[in-house]
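Letter by letter, the chains look like this.
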Amino acid sequence: MADKLIVRDFGPIRFAEMDIKKTTVLIGPQGSGKSTLAKLVALMNDKPTPVLFPELYGFNMEGQRYGIGGYGGESTKIDYDSLKIKFKVEANKFEFLSQHLMLPVFIPTERILLPVLSVSIMGLLNNNVALPNFITAFGAKYEIARKNSDGFKIEYLDLEYRFRGEEYLVKNGVTIKLSESASGYQSIIPLKIVVENYLPDHEKVFIIEEPELNLYPTTQKNLIYYLADRCTKSDNELMMTTHSPYVLAALNNLIFAYKVANEKPEQAEEVEKVIPRHSWLKPHEFAAYFVADGTVRSIINPKTGLISENELDSVSDEIGDEFDTLMDIYRSKKE
């Protein structure tokens, strides 16, 4: 049974009904509500005790932890129902019943600030600079994780990370501070440190905003393959928000790899030479939604279990159509 989330009149979301599966991805324009839905899922898993209890809270106050405190109103209704969690919101009150909570690991786009903030934190504190709770919460996880880290290599970037009081990267024999490195490195390193080293023995739901942030397309693909492996093992779950068609295409490859190997087991070894088995995704454990105009719609083809080709091609088709139109104008002028 997949988790079911229904949201009405909350922030930019007018109405959304969606299944939350082992791997869930949300794509759509900026400001469409992807992060709102992702933060709701994080909030609903973010309670201090797994003991069963009913209680009423002011939901807008709770939402402040994830920067969605002012999104609710009198017409707001939210239902989140699964074998693990039952969560209901009406107006500004919510009822929470929990049988078994997962530890939410919310990795925001603001992670890119952490390599710089970590070397300036005392100055920020001395000047009473207020940061949103979800950023400081991630910062705390980041601090724990990097202290637990012995360093690591990212093979597809030919890069080594080291923490020796400060954070360093080694590439092509040259050592630089992470805080002075390229923005793509400052995006991917905090993400990878927390995924690898934050409380590794706990069951977690990873909620990652824009994993593609400041990354080249082939790096995006390699990162998605890594996240599919690391964040969906055992009972862990993964939710991502994205603007990138490359992220969708990479996820589609992982689903298709499983599908081909499952339907043609004699070809499984050949498939594994293309995409490692540990990154494959099962179609029935995957959901993808397009978020826009206050609502959501599934972009999964129900017959194949893959992301619809129309969704993968829509942006490139639009760009291609514009190019064709320009070419028609160019040719007509020339004639």
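In what follows, the accompanying structure is described. Every value quoted in this text rests on a predicted model; they were computed, and no experiment measured them.

**Overview of the sheet that holds strand 10 (residues 159-164)**
The sheet built from 4 strands is open, its strands ordered 9-10-11-12 with antiparallel pairing. In this open sheet, the two edge strands, each paired with only one partner strand, are strand 9 (152-154) and strand 12 (174-177). On average, each strand axis in the sheet is inclined to that of its neighbour by 25 degrees, with strand direction left out of account. The sheet contact formed by strand 10 and strand 11 (residues 166-171) spans 5 bridges and is antiparallel. The partner of R164 across the bridge, within strand 11, is E166. In this fold helix 6 (residues 183-197) packs onto strand 9, strand 10 and strand 11, with an angle of close to 130 degrees to the strand it touches most, strand 9.

**Overview of the pattern of salt bridges**
The final tally for this structure, using the stated rule, is 16 salt bridges. We note a salt bridge from R146 to E143, for which the minimum N-O separation is 3.0 Å. Separated by 3 residues within a single helix, R146 and E143 lie in helix 5 (residues 133-148), roughly one turn from each other. By relative accessible area, which is 7% here, R146 ends up buried. With a relative accessible area of 26%, E143 lands in the partly exposed category. Salt bridges here are not isolated pairs; linked through shared partners, they connect E143, R146, K147 and E167.

**Observations regarding helix 7 (residues 217-230)**
Along its 14 residues, helix 7 runs 20 Å from first to last C-alpha, staying within 8% of the 20 Å computed at 1.5 Å per residue. Every buried residue belonging to helix 7 is among T219, Q220, L223, I224, Y225, Y226, L227, A228 and D229, and all of these are buried. Of the surrounding secondary structure, the elements contacted by the buried residues of helix 7 are helix 6, strand 13 (204-209), strand 14 (237-242) and helix 8 (245-263).

**Brief notes about the packing of helix 5 against helix 6**
Axis separation between helix 5 and helix 6 bottoms out at 8 Å; the angle between their running directions is 70 degrees. Between helix 5 and helix 6, the crossing angle belongs to the class labelled roughly perpendicular. Considering only the axes of helix 5 and helix 6, their crossing is left-handed. Residues F138, K141, Y142, A145, R146 and N148 of helix 5 touch helix 6, and the partners they reach there are P190, I193, V194 and N197. Counted by class, the contact of helix 5 with helix 6 contains 6 nonpolar, 2 polar and 2 charged residues.

**A word on the sheet that holds strand 13**
Strand order in the open sheet made by the 6 strands is 8-13-14-3-15-16, with mixed pairing throughout. Each edge of the open sheet is held by one strand with a lone partner, namely strand 8 (103-107) and strand 16 (295-298). The mean inter-strand angle of the sheet, taken between neighbouring strand axes irrespective of direction, is 20 degrees. Bridge count for strand 13 against strand 14 is 5 bridges, and the pairing is parallel. When the sheet's bridge partners are listed, I208 is paired in strand 14 with M240. The sheet strands contacting helix 6 are strand 8 and strand 13, and the helix crosses strand 8 at an angle near 165 degrees.

**Considerations on helix 8**
Between the first and last C-alpha of helix 8 there are 27 Å, a value that for 19 residues agrees with the 27 Å anticipated at 1.5 Å per step. Along helix 8, the positions that sit buried rather than exposed are V247, L248, A250, L251, N252, L254, I255, A257 and A261. Two to three positions downstream of the cap, the backbone nitrogen of Y246 sits 3.1 Å from a side-chain oxygen, assigning the N-cap of helix 8 to S244.

**A closer look at the side chain of N197**
Within the secondary structure layout, N197 lies in helix 6. Owing to a relative accessible area of 15%, N197 belongs among the buried residues under this scheme. Ignoring sequence-local partners within four residues, the contact set of N197 consists of A145, N148 and S149.

What counts, and where the lines are drawn
- Residues numbered from 1 in each chain as written.
- Predicted model: local features only at pLDDT ≥ 70, side-chain atom pairs only at ≥ 80, totals over all residues.
- Heavy atoms only, no water.
- Pairing = 2+ DSSP bridges.
- Helix = DSSP H or I, 4+ residues; strand = E, 2+ residues; numbered from the N terminus.
- Axes fitted to C-alpha atoms, helices over the stretch in contact; angles between N-to-C directions.
- Contact = heavy atoms within 4.5 Å.
- Salt bridge = Lys/Arg side-chain N within 4 Å of Asp/Glu carboxyl O.
- Buried < 20%, exposed > 50% of the residue type's maximum accessible area, 1.4 Å probe, protein only.
- Expected span 1.5 Å × (residues − 1).
- Parallel < 35°, antiparallel > 145°, perpendicular 65-115°, else oblique.
- Left-handed = near helix turned anticlockwise from the far one by under 90°.
- Nonpolar A, V, L, I, M, F, W, Y, C, P; charged D, E, K, R; others polar.
- Polar contact = N/O pair within 3.5 Å; in protein donor to acceptor, adjacent residues only side chain to side chain.

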